[in-house]
Amino acid sequence: MDNVVDQNVNQVVDQRNGFELPLLLFAGFRTIIDELHAELARQGHPEARPAHGFALQAIGPDGATASEIGRRLGVSKQAAGKTVDRLEALGYAERADDPGDARRKVVRLTPRGLDMLARSAEVFEQIRGRWAAALGEQQLRELEDGLARLAGPSGFRLDAAGWFGG
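Note that the structure is predicted; figures quoted are calculated from it, not measured.

Colleague: Tell me what's going on with the pairing of strand β2 (residues 101-109), and back it up with residues and numbers.
Modeller: The pairing of strand β1 (residues 93-98) with β2 spans 6 bridges and is classified as antiparallel. Along β2, the bridge assignment pairs aspartate 98 with aspartate 101. Following β1, the chain reverses through 2 residues before pairing antiparallel with β2.

Colleague: A description of the pattern of salt bridges should follow, citing residues and the corresponding values.
Modeller: On inspection of all chains with the given rule, the structure shows 13 salt bridges. Measuring nitrogen to oxygen at the nearest pair gives 2.4 Å for the salt bridge that ties glutamate 88 to arginine 95. Among the residues examined, glutamate 88 registers a relative accessible area of 31% and is labelled partly exposed. For arginine 95, a relative accessible area of 34% puts it in the partly exposed group. The salt bridge involving glutamate 137 is made with arginine 141; its shortest N-O contact spans 3.2 Å. Here glutamate 137 pairs with arginine 141, and both are found in helix α7 (residues 137-151), just 4 residues apart, close to one helical turn. Judged by its relative accessible area of 37%, glutamate 137 is partly exposed. A single salt-bridge network, built from bridges that share partners, covers Arg128, Glu137, Arg141 and Glu144.

Colleague: Help me get a handle on the packing of helix α3 (residues 50-59) against helix α6 (residues 111-135), residues and values and all.
Modeller: Look at α3 against α6: their axes get within 11 Å of each other, and the N-to-C directions meet at 110 degrees. In terms of axis orientation, α3 runs roughly perpendicular to α6. The two elements α3 and α6 meet at a crossing, and its hand is left-handed. On α6, the residues that touch His52, Gly53, Leu56 and Gln57 of α3 are Gly113, Met116 and Leu117. Considered class by class, the residues forming the contact of α3 with α6 number 3 nonpolar, 4 polar and no charged.

Colleague: Report on α3, specifying residues and quantitative values.
Modeller: Listed in full, the buried residues belonging to α3 are His52, Phe54, Ala55, Leu56, Ala58 and Ile59. Backbone geometry just downstream of α3 places glycine 60 in the positive-phi region, at approximately 75 degrees.

Colleague: Can you explain the nonpolar core? Please cite residues and give values.
Modeller: Counting residues in hydrophobic clusters, the biggest one holds 23 residues, and the most contacted among them are Leu56, Ile59, Ile69, Leu87 and Tyr92. Elements that contribute at least two residues to this core include exactly α2 (20-42), α3, α4 (66-73), α5 (77-90), β2 and α6. For this core, the element with the highest residue contribution is α3, accounting for 5 residues.

Reading the values: the criteria
Residues numbered from 1 in each chain as written. Predicted model: local features only at pLDDT ≥ 70, side-chain atom pairs only at ≥ 80, totals over all residues. Heavy atoms only, no water. Pairing = 2+ DSSP bridges. Helix = DSSP H or I, 4+ residues; strand = E, 2+ residues; numbered from the N terminus. Salt bridge = Lys/Arg side-chain N within 4 Å of Asp/Glu carboxyl O. Buried < 20%, exposed > 50% of the residue type's maximum accessible area, 1.4 Å probe, protein only. Axes fitted to C-alpha atoms, helices over the stretch in contact; angles between N-to-C directions. Parallel < 35°, antiparallel > 145°, perpendicular 65-115°, else oblique. Left-handed = near helix turned anticlockwise from the far one by under 90°. Contact = heavy atoms within 4.5 Å. Nonpolar A, V, L, I, M, F, W, Y, C, P; charged D, E, K, R; others polar. Core = buried A, V, L, I, M, F, W, Y, C linked by side-chain atoms within 4.5 Å.

Here's what the structure looks like:
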């Protein structure tokens, strides 16, 4: 009888509630992002914020208009313009004339913006390495593969920043 009670207690203790999964996923995300930004601050980018990374990715290597950035981030053209204003003030992006249309401005990454993206990529690799050391490479790869399967073929969308704020 004690064995049956022990099994039932262990089942209850081992069971997780459904609401814990998104909290754990978010906690993992937040842990990575907080560590990234602490390291970026040490490496000369103390003003960098998570939304800046999304915006720099939305601008991309070829540049983009405020409308394109807004669509990619899932925010209005005006909100994208304010983000670009902030990125310009921080030296991460600049507006330039569009060679194909004199009425438009294209936002381009500056060397400082490219530096932040390159440093971010390096720090992400270091963080992943620490997670692999803590969990084991195989377990981390299984976690990544499972999340990729569940996220579907579209994977990560840049409009996450707009989704969080919406």
